[in-house]
Amino acid sequence: MSSSSCHCIMLRKATRKVSSYYDEALAPLGVNIGQFSLLRNIRGLAPVSLTDLAARVELDRSTVGRNAKVLERMGLVTIGPGKDNRETMLDLTEKGHDLLKEGAPLWDGVQETIEARLGEEKTRQLQELLAAF
């Protein structure tokens, strides 16, 4: 099997390319698509435990914890103890909410560009194929 027909290699290549579109659009805000996505998930679940957030984004807890600390240093999230002090809780700061508000049209623009490039039918097919995983 050649690398040009390997599903994993093809998906990784496409993922890197698509991520670069979002990263380029979000660069003026000082965040990448991974950080922006994590912020959106925190906003949707806030306040959220690190464990629950990791489960939601399907990453291991330590990876999410490292990324949350970067967002905390940027002033975008707060990290604190949960009810029993064994759990770490995350919430957005005002700056985090502002960044998401400012970034929404940038993210929307990339979405629209990709959908225009693919067309309505291929966009629907792509969503169905990716949802199958």
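Participant: Sorry, what's going on with the packing of helix α2 (residues 33-45) against helix α5 (residues 94-118) here?
Facilitator: One way to put it is that α2 packs onto α5 with a least axis distance of 11 Å and a crossing angle of 120 degrees. Of the possible angle classes, the one that applies to α2 and α5 is oblique. Between α2 and α5 lies a crossing whose hand is left-handed. Here I33, F36, L39, R40 and R43 of α2 lie close against α5, whose contacting residues are H97, L99, L100, G103, A104 and W107. Grouping the constituent residues of the contact of α2 with α5 by class yields seven nonpolar, two polar and two charged.

Participant: Sorry, what's going on with the sheet that holds strand β1 (residues 48-49) here?
Facilitator: Think of a sheet as strands paired side by side through backbone hydrogen bonds, with each pair either parallel or antiparallel. The three strands lie next to each other as β1-β3-β2, forming an open sheet whose pairing is antiparallel. Taken across any chain shown, the strands that pair with only one partner, and hence form the sheet edges, are β1 and β2 (77-81). In terms of strand pairing, β2 meets strand β3 (residues 88-92) through five bridges, oriented antiparallel. Paired with G80 across the bridge in β3 is M89. The sheet contacts of α2 involve β1, β2 and β3, and relative to β3 the element is tilted by about 100 degrees.

Participant: Help me understand α2, please; the structure alone is not making it clear to me.
Facilitator: In an α-helix, one turn spans 3.6 residues, which is why side chains three or four residues apart end up on the same side. The end-to-end C-alpha distance of α2, which contains 13 residues, comes to 18 Å, matching closely the 18 Å that a straight helix rising 1.5 Å per residue would cover. Restricting attention to buried positions, one finds in α2 the residues I33, Q35, F36, L38, L39, N41 and I42. Of the residues flanking the start of α2, the one acting as N-cap is N32, its side-chain oxygen 3.0 Å from the backbone nitrogen of G34.

Participant: Help me out: how do you make sense of the side chain of N41 in this one?
Facilitator: Looking at the element boundaries, N41 is found in helix α2. Sequence-distant contacts of N41, defined by excluding residues within four places in its chain, comprise L53, R56 and V57.

Definitions and cut-offs
Residues numbered from 1 in each chain as written. Predicted model: local features only at pLDDT ≥ 70, side-chain atom pairs only at ≥ 80, totals over all residues. Heavy atoms only, no water. Axes fitted to C-alpha atoms, helices over the stretch in contact; angles between N-to-C directions. Helix = DSSP H or I, 4+ residues; strand = E, 2+ residues; numbered from the N terminus. Parallel < 35°, antiparallel > 145°, perpendicular 65-115°, else oblique. Left-handed = near helix turned anticlockwise from the far one by under 90°. Contact = heavy atoms within 4.5 Å. Nonpolar A, V, L, I, M, F, W, Y, C, P; charged D, E, K, R; others polar. Pairing = 2+ DSSP bridges. Expected span 1.5 Å × (residues − 1). Buried < 20%, exposed > 50% of the residue type's maximum accessible area, 1.4 Å probe, protein only. Polar contact = N/O pair within 3.5 Å; in protein donor to acceptor, adjacent residues only side chain to side chain.

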